[in-house]
Every structure is written in structure tokens, then in C-alpha cells.
Amino acid sequence: MYTQCPICKHQRQISIKELRSSRGMIKCALCSEEFDALELLSDKQVRQPKSAQLEENRFNVNSVYWKIGSFLGIICLLFQWAYFNYQAIINNAQFRSTSVYITQLLNVQLPHYHNPAEIEIIHSDLQNDHDDIYRLKTILINHAEFTQKLPDLKLTLIDITGQVVTETILTDRHFQTDELLVMPSNEAIKLTISLLILVQPLGGYEMELVHES
Ligand SMILES: [Zn+2]
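In short, a report on the structure. The shown structure was predicted, so the numbers you read here are calculated from the model rather than taken from an experiment. (Residues numbered from 1 in each chain as written. Predicted model: local features only at pLDDT ≥ 70, side-chain atom pairs only at ≥ 80, totals over all residues.)

A closer look at the overall build of the protein
Selection criterion: Helix numbers and strand numbers start at the N terminus; a helix is a DSSP run of H or I with at least 4 residues, a strand a run of E with at least 2. Counting other C-beta atoms within 10 Å of each residue's C-beta, where C-beta atoms are placed from the backbone, gives the exposure class: buried for 20 or more, exposed for 12 or fewer, partly exposed between. Our contact criterion uses C-beta atoms placed from the backbone: two residues qualify when those atoms are within 7 Å.
Counting its regular elements, the protein contains 4 helices and 12 strands. In the protein, which comprises 213 residues, the proportion classed as buried is 13%. The long-range fraction of contacts in the protein, counting pairs at least 24 apart against all pairs at least 6 apart in sequence, stands at 57%.

Remarks on the pairing of strand β9 (residues 164-170)
Defined as follows: Strands are labelled as partners when DSSP assigns at least two bridges between them.
Of the pairings in the sheet, the one linking strand β8 (residues 153-159) to β9 comprises 6 bridges and is antiparallel in character. Across the sheet, the residue bridging to Thr 156 is Glu 167, located in β9. Between β8 and β9, which pair antiparallel one after the other, the connecting turn spans 4 residues, and Gly 162 there sits at a positive phi close to 90°.

A few points about the nonpolar core
Applicable threshold: Linking buried Ala, Val, Leu, Ile, Met, Phe, Trp, Tyr and Cys residues through C-beta atoms within 7 Å yields a set, and such a set is a nonpolar core.
Counting residues in hydrophobic clusters, the biggest one holds 6 residues: Ile 119, Leu 140, Leu 150, Met 183, Ile 189 and Leu 191. Leu 153, Leu 155, Leu 170 and Ile 197 belong to the second largest nonpolar core, which has 5 residues in total.

A closer look at the environment of Arg 135
Within the element layout of this structure, Arg 135 appears in strand β6 (residues 133-142). With 61 residues separating them along the chain, Arg 135 and Leu 196 place their C-alpha atoms 8.9 Å apart. Here Arg 135 is in contact with Gln 127, Asp 129, Thr 192 and Ser 194, once residues within four sequence places are set aside.

Topic: the sheet that holds β8
Rules: Angular values range over 0 to 180 degrees, each being the angle between N-to-C directions of two axes fitted as lines to C-alpha atoms, with helices fitted over their stretch in contact.
The 3 strands lie next to each other as β9-β8-β12, forming an open sheet whose pairing is antiparallel. Strands with a single pairing partner mark the edges of an open sheet, and in this sheet they are β9 and β12 (202-209). Within the sheet, the average angular offset between the axes of one strand and its neighbour, ignoring direction, is 20°.

A short note on unusual backbone geometry
Backbone geometry at Ser 32 places phi at a positive 65°, although glycine is not the residue there. We classify Ser 32 as exposed; it has 10 C-beta atoms within 10 Å.

A look at the sheet that holds β6
On the basis of which strands lie adjacent, the open sheet formed by 3 strands has the order β5-β6-β11 and antiparallel pairing. Here the strands that pair on one side only, and so sit at the sheet edges, are β5 (119-130) and β11 (188-196). Mean inter-strand twist for the sheet, computed between neighbouring axes without regard to direction, equals 15°.

With respect to the environment of Ala 117
Mapping Ala 117 onto the fold places it in the loop between α4 (93-106) and β5. Along the sequence, Ala 117 and Ala 144 sit 27 residues apart, while their C-alpha atoms lie 9.0 Å from each other.

Shown next as C-alpha cells:
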């Protein structure tokens with residue numbers, strides 16, 4: 001005769017003698033569940049797909065793989081997130097120190113911090129040099145905690161009636177300077193550029209930082 005554990009479905013052989021002595025109550029060898037052997041008593045051996053023990057093992061093994069899989073999945077997601085938010089991360093003041101530390105460990109060059117909102121134009125001056133050649137001088141200060149790359153500047157030329165004649169974006173390639181084209185933290189940097197201006201007569205100009213990169 002056979003009986004089956006109601007919990008883990010483990011089947012075992014049982015004799016009348018055994019049933020009598022235990023009054024039908026037996027303990028499952030696999031899951032330790034105490035159950036009434038008479039309830040699921042049968043003459044035939046049930047063909048189990050796999051033994052309950054094997055099922056249990058497989059479940060445990062699966063759960064280990066599942067944990068490793070989830071862990072790798074999370075790492076992948078983090079990398080993906082970091083990849084797509086790279087610019088934001090390196091320009092985030094809170095993460096910057098950590099980023100600098102990590103890139104030093106990895107021995108790679110971290111691109112310069114870039115946050116024009118922390119740069120201020122403290123002086124600018126546009127003077128006629130000769131003929132149509134003008135000299136634009138400007139002093140910028142970097143209020144950020146970190147060295148920044150030079151921001152782009154938008155120069156707007158205005159005629160004597162106050163109309164905007166032209167707008168030019170000046171990038172670090174336009175500045176004729178021997179100085180480093182980076183802005184150390186809390187330091188001012190002086191930039192000079194010669195421009196050919198054909199607006200005659202020139203009424204004025206405006207210069208501002210370009211915020212979107
Ligand atoms: Zn059991």
C-alpha cells in the first residue's frame with residue numbers, strides 16, 4: 001500500500017502494521033508534515049513526474065540562478081542608465097567628486113564639468129581696432145567647485161536703430177589665446193577675440209552665455 005503526503009506529494013510505501021501502530025498518523029520523510037496516511041491511501045504507486053525532492057531541489061537551484069540573473073539584470077540597467085545619463089552625471093555637482101574618484105581609479109580622463117549656469121560674465125568690451133576689425137574682450141568667472149570647459153557665448157550685434165543685425169555663437173575654437181581653454185574653479189579667465197564686423201555703423205552688442213549644450 002502506498003500513501004502520499006498532502007503537502008509535498010511524496011509517496012511512500014506503508015504496511016498495515018505500520019498504520020495500526022501509528023493509528024494512521026505518519027510524518028513525511030521529506031517535508032516533515034504530519035498527516036493522516038489513510039486519507040490518501042492507495043494500492044497503486046502513483047507515477048510522479050519527478051520525485052518531490054527533485055522538484056524541491058530544482059526550485060532551490062532556480063532561485064539561486066534567479067537571484068544571480070536579477071542581480072546581473074540590475075547591473076545592466078544601472079549601466080544603461082549611466083550610459084544615457086552620462087552628461088547629466090558628470091555635470092552633477094553631487095556626483096562629480098565620486099565620478100572623478102572612479103575615473104581616477106579606472107585611469108580614464110573625465111570630460112570637463114560643464115554647467116554654464118555657474119559661469120558669470122563679469123566684463124565685456126567691444127572696441128574697433130582698425131577698419132572693420134573689432135576686438136572683443138571678456139572676463140568670465142567660474143563659480144563652480146570644479147574646473148569647467150569654456151562655455152559658448154552668443155554675441156548679438158545691434159545697429160544704431162536698435163535692431164538685431166546678426167547673432168554669432170562663439171566657441172572655444174574662436175578664442176585666440178595661449179591660456180588653457182578651461183576655467184579653474186572660482187577663477188576669472190580673460191578672453192580676447194578679433195572679429196570682422198561689417199555692420200556700419202555699429203549701434204551696440206549684447207553677449208550672453210549659451211546654456212544648452
Ligand atoms: Zn511531505
